[in-house]
Each structure stands twice: as C-alpha cells, then as structure tokens.
Amino acid sequence: ISKAGADAIIAELGRGRNLCGALGMLQSAKMIGRASAYYGIDSMLLHFARALSVPTIAVFGPTDPATRLRPMGGSERIGFARLPCSPCIHVSELPPCRGMRPCMALALESVITHPERDPLTSRHASAPQVGWEVDPSGPRVREVSVTYS
C-alpha cells in the first residue's frame, strides 16, 4: 500500500497513524506490539500483530487464510472472498484478473459491511503459540510456546 493509500484508509477510519516506509522491521514489531489494533493485508506485519496478540483486522486476496493461518491467542477478523481463481498467485505468474484484484475488493467489502464482528471489542488474554521446534534428523515437529510472567 502506498503512503497516500494508507492516508485514505486512516481518513475513512477516523483514527490511526501512517508510518508507511518510516520504520525498519524491529521498529515495526515494537510499534505493533504497543498498538491497540492492527489493520492490514497478509504480510509479515500481520503475523507480528497476531504473534503479539494485537487485535487484527486482515484482508486476504487470492490466498485462503485457512491454509496459511493457525489459531492464535488474539482477537481477529479476516476478510476473504473465495473466488474460483484462488489461489492464482501460487500457480500463475499473471493472475487471471490481470491485476484488477476483485478478490481484495470483495474481501475488504466483507470486513466493512460486517462491523458487528469487530475484534477490537475484546482482547484474549491467552499467550499465543510462537513457533515450531524442528528436529532435522526426525520426521516430526513440535509446537513451542512461551510462558509469560
């Protein structure tokens, strides 16, 4: 998203702070950790917010979030339009829509038209699982969690 695009979203929401292009990854993670909410697309920043249990509203395009996200401890709402061409980006260099991205528009519309599903009204206290322990010599992985004190 461009800085101008983020400004337009913030103007529509009536709240927010545009830091597009102003922060590195570590700074971004720290800022997200202090945020009251995160609005965005499927990106590393979304995964930071989810891992930090920041309430999120995420818009997914051609990729089905059910194939990429596992339950975390935070409150979230996800917009996704299940179109027949999904997941084009994983099977074709040129999407069938030629970049018009109707999947994004429909997913965003689903988030906007259902404000009663707003995750910002509650925040779960449980800490999320944070990763996987992989044994290179074995066939199994194990979920790893952190106990916060």
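Structural notes, computed from the coordinates. Computed from a predicted structure; not experimentally measured.

What follows concerns unusual backbone geometry. Residues other than glycine seldom take positive phi values, yet S53 does so here, at roughly 60°. On the secondary structure map, S53 appears in the loop between α3 (44–51) and β2 (56–60).

The N-to-C vectors of helix α2 (residues 25–34) and α3 enclose an angle of 40°; their axes lie 9 Å apart at closest approach. Overall, the two elements α2 and α3 adopt an arrangement that is oblique. Here α2 and α3 pass one another in a crossing that is right-handed. Here M25, S28, A29 and I32 of α2 come into contact with α3, specifically with M44, L45, F48 and A49. Tallied by class, residues from the contact of α2 with α3 come to seven nonpolar, one polar and no charged.

Turning next to the pattern of salt bridges. Inspection of the entire model under this criterion finds one salt bridge. The salt bridge partner of R50 is E76, with a shortest N-O separation of 2.7 Å. One end of the pair, R50, is in helix α3; the other, E76, is in strand β3 (residues 76–80), with 26 residues separating them in the sequence. Its relative accessible area of 31% is what places E76 among the partly exposed residues.

Right, let's get into the sheet that holds strand β1 (residues 38–41). Taking strand neighbours across the sheet as the criterion, the three strands line up as β1-β2-β3 in an open arrangement whose pairing is parallel. What marks the edges here is a single partner per strand, and that holds for β1 and β3. Going across the sheet, the axis of each strand differs from the next one's by a mean of 15°, ignoring polarity. Where β2 and β3 come together, five bridges link them in parallel fashion. Within the sheet, the bridge partner assigned to V59 lies in β3 and is G79.

Counting nine residues, the largest nonpolar core is built from I32, Y38, L46, A49, V54, A58, F60, L69 and F80. Here L46 is in contact with Y38, I41, T56, A58 and F60, once residues within four sequence places are set aside.

Next up on the list: the pairing of β2. Most of β2 sits inside the fold, with five of its five residues counted as buried. Residues T56, A58 and F60 point to one face of β2 and I57 and V59 to the other, with burial holding for every one of them. Pairing analysis gives four bridges linking β1 to β2, with the strands arranged parallel. The partner of I41 across the bridge, within β2, is V59. In the classification by handedness, the crossover that spans β1, the intervening α3 and the parallel β2 is right-handed.

Conventions we followed
Residues numbered from 1 in each chain as written. Predicted model: local features only at pLDDT ≥ 70, side-chain atom pairs only at ≥ 80, totals over all residues. Heavy atoms only, no water. Helix = DSSP H or I, 4+ residues; strand = E, 2+ residues; numbered from the N terminus. Axes fitted to C-alpha atoms, helices over the stretch in contact; angles between N-to-C directions. Parallel < 35°, antiparallel > 145°, perpendicular 65-115°, else oblique. Left-handed = near helix turned anticlockwise from the far one by under 90°. Contact = heavy atoms within 4.5 Å. Nonpolar A, V, L, I, M, F, W, Y, C, P; charged D, E, K, R; others polar. Salt bridge = Lys/Arg side-chain N within 4 Å of Asp/Glu carboxyl O. Buried < 20%, exposed > 50% of the residue type's maximum accessible area, 1.4 Å probe, protein only. Pairing = 2+ DSSP bridges. Core = buried A, V, L, I, M, F, W, Y, C linked by side-chain atoms within 4.5 Å. Right-handed = clockwise from strand over helix to strand, strands pointing away.

Treat this as a map of the structure, not an account of what it does.
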